Every structure is written in structure tokens, then in C-alpha cells.
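Structural overview
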Amino acid sequence: MIWKSHVFYYTVCPRKYYLAYVKKIKVNPTKEMVYGNLFHKLREYISKNESKILKNIKLTYSFEEIVSEYENCYEDSLNYAITENARDLEILEIDMEDIDDILKKDLDLYFIGRAIRAKRTMDSLGIEKDELAFYLAPECNYVEYKIIDKKTGFAGIIDKIIRSKNEFFPIEIKTGKPPLEGVYYSHKIQACFSSILVENKFKIPVRLAFIDYTQINESRPVLIDEDLKKEVFRIKDEILKINEGYTPKKIQKCGQCEYKGVC
Ligand code: SF4
């Protein structure tokens, strides 16, 4: 199977895919990667529990009271993110006090963003509790949803899928620095890869996917068209060539790549 992570590695650098998945070289993640994973896990926890939070919110609540409902899941979401990344945190000997501080600051801003969204919805639609939860966090949404598709040979865990009436919209959550406009090429390819999985799973065309750039609290659309799908299948063929023995060359811009020491 070709997994979404394979395609992501390939789009960042084909040689990175080769080192990680063909040569199976294990390297420690960078600090930035671990922080990214922690932010990711925080959002995963809150997405999975947001319906419960919203079900407590009454129309009479002030903005501060809504924020405080979200804050009730501070400890549980922090524990979840830290437990899920415990191995990497230990390897990199990251100071837990620093982690707590950085994650709490991130959560503070995130909760304010979610509370603004809830307050505006309540004020404009006059809905509360179960109805608010149904509107903003419908249980038909899927979080960390795994799809294995034998037809294409593709597989992946999709961060989130929003179902609205008869349409499905895959969402990729990105915690790193966003581009000034639009989305990065690698993110666009991932969004299309996820859309192909969703289309084949639910037998319904996917027209749009979204990249959630959490640092700026912005969801940017990716149009899923035939050209983009062809690009994904072209990448699949390139990956298969590498699997069969082709060695990709080094690229020029290696940035913070964790494979620098072994490449
Ligand atoms: S060090 Fe550079 S060439 Fe090597 S895998 Fe990383 S990004 Fe690619």
C-alpha cells in the first residue's frame, strides 16, 4: 500500500522517502516535529470531545463562560498530547515545564477561537446545548479516520472529514508556519490523496478539501480536480520506481531535515 505519509515524504523530498521507507533508516525527530505532533494531538483530543463541551453551553452564557467550558478539558487534552508523544519527548530530553507552557499558550488561543465561533453561532441562530453541538460538531464528522483502498493501493488516516448533507470534505490539520497565501504543494497533494480515499470509500465525488492552518486559525480550500488527481497518480508511479530500486538524488534546500546527518 502507498500511505499518505509516504506521499507527504516524497513531496517534501523524494530522497527522504527513500531513506525512511526503502532503506528504513530511523532518525530522531527534530524538536519542531515533536512540537507539531503535540499541537496536532491537542486538536485531535478537542475535536473528539467538542460535542460534549458544546452540549453544556446555554444561550445565557457570556463569552467568558464559554471559554471556561472549553478550559475544563485543559488537563485531559494536555495529558493526551504528552502521552501520545512520550517516546519522542524522552529521546529529545525536552523540558516538561517548557512543554506545558508552550501548549497552554497554544490552547488559550485555540479555546478563544472556538468560543468566538460558538458565541457568534448562538447569537445569530439562537441555538444552545444539543442543537449547538449538532450544528458545530456533528457526530457525523470523522476524526483520525483510517481508510484502506485496495482499488488504488492507497491508505491513510485522515485528520478530519466533515460531512455536510451529501458531501464529504476532508480536512488536513497543519500546525507549522502557513504560506502567505494558498497552500503548500505537499499539503495540496495530501488533500487530494485524502479526497481520493474518501471518494472511493463513500462512493461520492469530493469537490473540495481544506487545509487548516492552526497558527493563523484559517481553513484554506483545495479544489479537487482531474489535474490534481493525475499529479497524485504520477507521484504514486514515482514512488513505485523508488521501491523497485531507483535512488533519488539529493535536493538543494534541505532546511531542518532530520535526515541531514545520514543522507
Ligand atoms: S537531507 Fe536534503 S536531500 Fe537528504 S533527505 Fe533531507 S531534504 Fe532530502
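Residues numbered from 1 in each chain as written. Predicted model: local features only at pLDDT ≥ 70, side-chain atom pairs only at ≥ 80, totals over all residues. Heavy atoms only, no water.

If you tally the helices and strands in the chain, you get 10 helices and 6 strands. Computed over its C-alpha atoms, the radius of gyration of the chain comes to 20 Å, within 12% of the 18 Å expected for a compact globule of 263 residues. Dimensions of the chain along its principal axes, counting C-alpha atoms only, are 65 × 45 × 30 Å. Residue burial in the chain is summarised as follows: out of 263 residues, 47% are buried. Across the chain, the fraction of contacts at a sequence separation of at least 24, relative to all contacts at a separation of at least 6, is 71%. When the 43 basic and 42 acidic side-chain charges of the chain are each reduced to a single mean position, those positions are 8 Å apart. (Helix = DSSP H or I, 4+ residues; strand = E, 2+ residues; numbered from the N terminus. Rg over C-alpha atoms; globule rule 2.2 N^0.38 Å. Buried < 20%, exposed > 50% of the residue type's maximum accessible area, 1.4 Å probe, protein only. Contact = heavy atoms within 4.5 Å. Lys, Arg positive; Asp, Glu negative; His and termini not counted. Charge placed at Lys NZ, Arg CZ, Asp CG, Glu CD.)

Bringing the side chain of Glu199 into the picture now. Of note, Glu199 is situated in helix 9 (residues 185-202). Given the relative accessible area of 14%, Glu199 is considered buried. Excluding residues within four positions of it along the chain, Glu199 makes contact with Ile204, Pro205, Val206 and Lys229.

What follows covers the domain arrangement of the chain. Examined at the domain level, the chain breaks down into domain 1 (2-25 + 140-243) and domain 2 (31-136). Distance between the C-alpha centres of domain 1 and domain 2: 24 Å. Each partner contributes residues to the interface: domain 1 has 8 residues there, and domain 2 has 9 residues. Where domain 1 abuts domain 2, roughly 810 Å² becomes buried across the two surfaces, and 59% of that area is made up of carbon and sulfur atoms. Elements supplying a minimum of two residues to the side of domain 1 that touches domain 2: strand 2 (142-149) and strand 3 (154-164). (Domains from an automatic or database assignment. Buried area = accessible area lost by both parts, 1.4 Å probe.)

The environment of the ligand is formed by Cys13, Lys16, Leu19, Lys250, Ile251, Cys254, Cys257, Lys260 and Cys263. Here the residues of the shell around the ligand are counted per class, giving 6 nonpolar, no polar and 3 charged. (Near = heavy atom within 4 Å. Nonpolar A, V, L, I, M, F, W, Y, C, P; charged D, E, K, R; others polar.)

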